[in-house]
Amino acid sequence: MGSIIGEIIIFEKKYSEKNLQLITGKKDISSHYQDIPEEMLLLSEVIEDPLKLPYMLEAFYTAPIKNEKAFHFALVRVQVDSDLRMHEDIQKYQQRKYVAKTLEKLLYGELMLSVGENSGTEGD
């Protein structure tokens, strides 16, 4: 395991340090990156390249998730971050949000952030 500016190498794969910070919810991951669970690394990989999602759905669905709550919040953090940064690169952040929402729906059956989202349109 090693580190290059902006990237962290874990098991001979490069990961974006910013993505790992977002997914883990920790600003300083320099001393913790060796403890990042496999499912979080998979998530980092797929939000970095959203076009990998169709090929990785089964891996996510069958992977044993060590900490369900932490992973669920990682998905929510990606959605919130994507909404906040949408103005920077709309295509990139729409794709990242789509990845997180699709995985959340696949793994948890519903979206934590969509509760009450359509309440204003019902009955119109």
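Scroll up to find the structure.
The text that follows walks through the structure, step by step, so that each part is easy to find. None of these values were measured; they are calculated from a predicted model. (Residues numbered from 1 in each chain as written. Predicted model: local features only at pLDDT ≥ 70, side-chain atom pairs only at ≥ 80, totals over all residues. Heavy atoms only, no water.)

Quick word on the side chain of Glu39
Then comes step 1: If you trace the backbone, Glu39 turns up in helix H2 (residues 38–48).
Then comes step 2: It is Lys66 that comes nearest to the buried, bridge-free Glu39 among opposite-charge side chains, at 5.1 Å.
Then comes step 3: Those residues within four positions of Glu39 in sequence are excluded, and the remaining contacts are Phe60, Pro64, Ile65, Lys66, Asn67 and Phe71. (Helix = DSSP H or I, 4+ residues; strand = E, 2+ residues; numbered from the N terminus. Buried < 20%, exposed > 50% of the residue type's maximum accessible area, 1.4 Å probe, protein only. Lys, Arg positive; Asp, Glu negative; His and termini not counted. Salt bridge = Lys/Arg side-chain N within 4 Å of Asp/Glu carboxyl O. Contact = heavy atoms within 4.5 Å.)

Focus: the pairing of strand S2 (residues 7–10)
Then comes step 1: Residues Ile8 and Ile10 of S2 are buried on one face, while the alternating residues Glu7 and Ile9, pointing to the opposite face, are not.
Then comes step 2: Counting the residues that bridge the hairpin from S2 to strand S3 (residues 13–16) gives two residues, and of these Phe11 lies at a positive phi of roughly 50°. (Pairing = 2+ DSSP bridges.)

Considering the packing of H2 against helix H5 (residues 90–108)
Then comes step 1: The contact between H2 and H5 brings their axes to 9 Å, and the two run at 140°. On the basis of the axis angle, H2 is oblique to H5. Side by side, H2 and H5 meet where Leu43, Val46 and Ile47 of the first sit next to Arg96, Val99 and Leu103 of the second.
Then comes step 2: Of the residues that constitute the contact of H2 with H5, the class distribution is five nonpolar, no polar and one charged. (Axes fitted to C-alpha atoms, helices over the stretch in contact; angles between N-to-C directions. Parallel < 35°, antiparallel > 145°, perpendicular 65-115°, else oblique. Nonpolar A, V, L, I, M, F, W, Y, C, P; charged D, E, K, R; others polar.)

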